[in-house]
Amino acid sequence: MRCAAAGYVYPNGLRQTVAVMTLVVALLLLTGGCVSWQAPAAANDSALRARAVSDTVRDVTLSATVLGAADSEQLFGTNINGTGVQPIWIEVRNNSTHTLWLLRSGTDPSYYSPLEVAWPLHSKFAKKSNARIDAYYNALDFKSPVPPGGARSGILFVNPYKGTYVLNVDLLGQQSSYPFTLFLPIPGEHNVLARETFVRLADSAQNNVQNLELFRAALEQLPCCASGGDPANIVFVGDINDIAAALIRRGYRVEANESDTRQRIFERPPELVLRKRGQGGVPANWLRMWVAPLRYQDKPVILVQSGRPLGGRFAVSDSGELQLHPNVDESRNLLIQDLMYSGGLAQLGFVGGVGAVPGTPADNPDNDTRYHTDGLRAVLFFVTRPLAISDIETLDWVPFLQQREAEAAVKNANKQPGE
Amino acid sequence: MESRHAISSVLVVTLIALLLAACVSTGPLPEDEAKDYKARLTTRSDGGLTIATSVLSDTESETVYGVPLAEKGIQPVWIVVENHDDIAYWLLSPGLDPNFFPASEAADAFAGDSRKNNRKLTQRFEQLAFKNPVPPGGTVSGFVLTNHDEGVKMVQLDLIASGQLKTFSTINTVPGFHADYHERSAFTQVRYTDAQIVNYTEDEAFRAALEALPCCVTNKKGTRNGDPLNLIVIGGVDDAFPALVRRGWHPTEATTAGSIKKMINSVLSGERYRYSPVSPLYLYGRPQELALQKARDSIHQRNHLRLWMSPMQYHGKPVWVGQISRDIGTRLTIHSPYLTTHKIDPDVDAALVALIEDMAYSQNLTKIGLVKGVGAASIDEPRENLTTDPYYTNGQRGVLIFDATPTAMVDIEFLHWEGDEGGMVKESARRKINQ
């Protein structure tokens, strides 16, 4: 439980001064009556261990479980899930020759430290009890490093997901890395979409394209748009784990809502939807993802509808119907830029297939189109081994770069700086 | 006992409230003699590429865009890229600010009820935006919209072509704040004579020098120790700086009367205040050259680091001595003349490790090491910083070596100094469960 309260105060003059004092006195009284945390009697991780999902990369095994409210009560003596913190139990068994170190920023760029989670449980004037809380939370925290031949388990405090928790764990050793991606069920949530993703991935193996030019032609034949009308303007190529790792490192989280289900491709709603939120949890970009019925050199192919809602991070709330911002190319191009910093992007190309839609002139808003685009689909190839930004290669497909270069040159010739 | 605390807390708050009333009348600092943003360019070149940048004042951005961008926390950076190479380059906006604003999104912030006007507004924003690519032999100029900084802005330009990256870093003054903002010169000012500078090329000698540094920062008089000096950053404008900017670190405002008022408001309301000021701490008899922070969801969640330029170099690279802490809350205090302070996570090693982990994704971190020098403080006998926050540590300082050439995460090297290979966190300061 949180004992803190926040209020808006505008200290400007005597009346506000009195208001400030009243508020603080009230807070002191409230916090004084809030000593309630008790260490749970028989906390252990056996239940979490029993339902863990595991994966092995070379000589290293990762197991993980998402804690529900009841698990939190049992382990922490309070439901910390209720404070917007998602605890995840993990265990690393290291049979490699490297000492390994977990990079928390890769799991969630906005993760919480254990003492940060413990802080709201503190009571004023209760130094000893507060120290006990801190020690307890610290002890449960996952601690790097994991020595060669050793195993470590503990809790990561991250931000909550909806539906399925896609856990990315980057373990770093001496000039080596072990990236993991696990799809974890969240207690009390339906895990249907993730299961469907894997069924579709298995099915797609029947149509495995080997030749790059044939693959390009196949990509151009994929549906232009979802039945809800939004353009499918991106293709991801790579193992689902590598794609997820790159997105999570850049702050995308699994989060679908009602409006996503109305966008259908291959006669079904998207298998997975990821969103990147701004600070303070305001709505931002979405990526609606469908497993396409083909593979390229055994690698899965994901058709993606990328966009952002009108209003973006400045919208008051995203609870209602989300309206696609008409400049879909901007959203597509900025996603590419973001993923260039992910370490997971290896190659980039562009193909047709979306169909060009010219923009509506500003003086004729009645004859409006829902969106405008150059009609190109960005194709992003992902790899497991993290790459430097200078290693990303561009494929010579649709002469997107040259086309843009020519446009830029013309605009440049006609443009005065700052206009 | 409790009632005595309560009374003293009320007294503190009364004192603060009285001071606040005095702060309200403090006017804005005199505006810089702002030259036109196109005239005060900071320019850099590498091979066939030349770039120039400037940061717009709040008044300038309102004039150029026709709407008060600063009120929404948006700050345009003016960028010119001149390309004399034979390939096209693309500017990556997330390199300037991982939370930058796409032009259309910033336009949405000012949308009204008229669709026609909204469309015009969006087109205006899109026209002003920097447009990729920069063709061979061409010049492209335009704005990237970033989060608002006060005083000074670190601008990082990452320009990529297939299989290539060119990076440029500039430090720009933001007109309208302190004309003499000292961070502007942090990377460039000559602080030491050639005779004072020691360039280490032997690792063991360098390690010994790092271990011999003072344990902690001090107060102005040097009579009391404060936060531990737990960080060494090796690199300058071209290597350490891009790494920090790409991961969302930005300079923070020096504490002024105006900033104190804004911060206290922020403490009381829980609102996000991106540039919450930091108070000066002392090393080498002077306050930090550079104070950086990485804001999270609210003022209560941010990491701070302070850096001092040392007279040391490592293979010719500047060596910065620093202090890093993670805020887990903000509280009112009588131990700081600024009356508010950040409640730090007492596990200061966790803050250091968080920075190192974050930097692993920055593309410029090449080596990580640990040295002694801070002195251990156990959880049962913690030390205190200058604002009486307790902290404990295993006594090690982290050493981060940066290089301008991008390094993939997988190629980062651990120095075999303190700790095991990669053994960033010893558990001496922490307790085992159920102990």
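On a predicted model such as this, the values are computed, not experimentally measured, just so you know. (Residues numbered from 1 in each chain as written. Chains lettered and ligands numbered in written order. Predicted model: local features only at pLDDT ≥ 70, side-chain atom pairs only at ≥ 80, totals over all residues.)

Draft legend 1. Structural detail: helix H6 (residues 203–211) of chain B. Residues and elements named next belong to chain B. Taken together, the buried positions of H6 are Phe206, Arg207 and Leu210. Within H6, the buried residues cover an arc of 100 degrees as seen down the axis, which keeps them to one side. Exposed residues lying more than 90 degrees from the buried face of H6 are Glu204 and Ala205. (Buried ≥ 20, exposed ≤ 12 C-beta atoms within 10 Å, placed from the backbone. Helix = DSSP H or I, 4+ residues; strand = E, 2+ residues; numbered from the N terminus. Arc of directions from axis to C-beta.)

Draft legend 2. Representation of the sheet that holds strand S6 (residues 164–173) of chain A in the model. Residues and elements named next belong to chain A. Taken in spatial order, the 3 strands line up as S4-S6-S7 in an open sheet, and their pairing is antiparallel. Edge positions in the sheet fall to strand S4 (101–103) and strand S7 (176–185), since each of these pairs with one other strand and no more. Across the sheet, the mean angle separating the axes of adjacent strands is 30 degrees when strand polarity is ignored. Inspection of the sheet shows S6 paired to S7 by 10 bridges, in the antiparallel sense. Along S7, the bridge assignment pairs Val166 with Phe183. (Pairing = 2+ DSSP bridges. Axes fitted to C-alpha atoms, helices over the stretch in contact; angles between N-to-C directions.)

Draft legend 3. Local environment of the domain arrangement of chain B. Residues and elements named next belong to chain B. Each assigned domain of chain B is listed with its residue range as follows: domain 1 (42–173) and domain 2 (182–414). Contacts between the two partners involve 17 residues from domain 1, matched on the other side by 18 residues from domain 2. Looking at the side of domain 1 that touches domain 2 residue by residue, the classes come out as 5 nonpolar, 10 polar and 2 charged. (Domains from an automatic or database assignment. Contact = placed C-beta atoms within 7 Å. Nonpolar A, V, L, I, M, F, W, Y, C, P; charged D, E, K, R; others polar.)

Draft legend 4. Structural context of the environment of Ala350 of chain B. Residue and element names in this part refer to chain B. Mapped onto the elements, Ala350 comes out in helix H9 (residues 348–359). On the basis of neighbour count, Ala350 is assigned to the buried category, with 23 C-beta atoms found within 10 Å. Once the C-alpha coordinates of Ala350 and Ser325 are considered, the two residues, 25 residues apart in sequence, prove to be 8.5 Å apart.

Draft legend 5. View of the sheet that holds strand S5 (residues 139–147) of chain B. Residues and elements named next belong to chain B. In space, the 4 strands of this open sheet follow the order S1-S2-S3-S5, with antiparallel pairing throughout. If you trace the sheet from one side to the other, it starts and ends with strand S1 (42–46) and S5, each paired once. Direction aside, neighbouring strands of the sheet carry axes that sit 20 degrees apart on average. In this structure, S1 lies alongside strand S2 (residues 49–55), joined through 5 bridges in antiparallel fashion. Looking across to S2, one finds that Asp46 is bridged to Leu49.

Draft legend 6. Representation of the domain arrangement of chain A. All names here are of chain A. Here chain A is described as being made up of domain 1 (1–34), domain 2 (46–185) and domain 3 (192–358 + 367–414). With centres defined by C-alpha atoms, the gap from domain 2 to domain 3 works out at 30 Å. Facing 13 residues of domain 2, the contacting portion of domain 3 comprises 14 residues. Taken together, the elements giving at least two residues each to the side of domain 2 that touches domain 3 come down to S6 and S7. Considering every element that reaches the side of domain 2 that touches domain 3, the biggest residue donor is S7, with 4 residues. When the residues that make up the side of domain 2 that touches domain 3 are grouped by side-chain class, the tally is 5 nonpolar, 7 polar and 1 charged.

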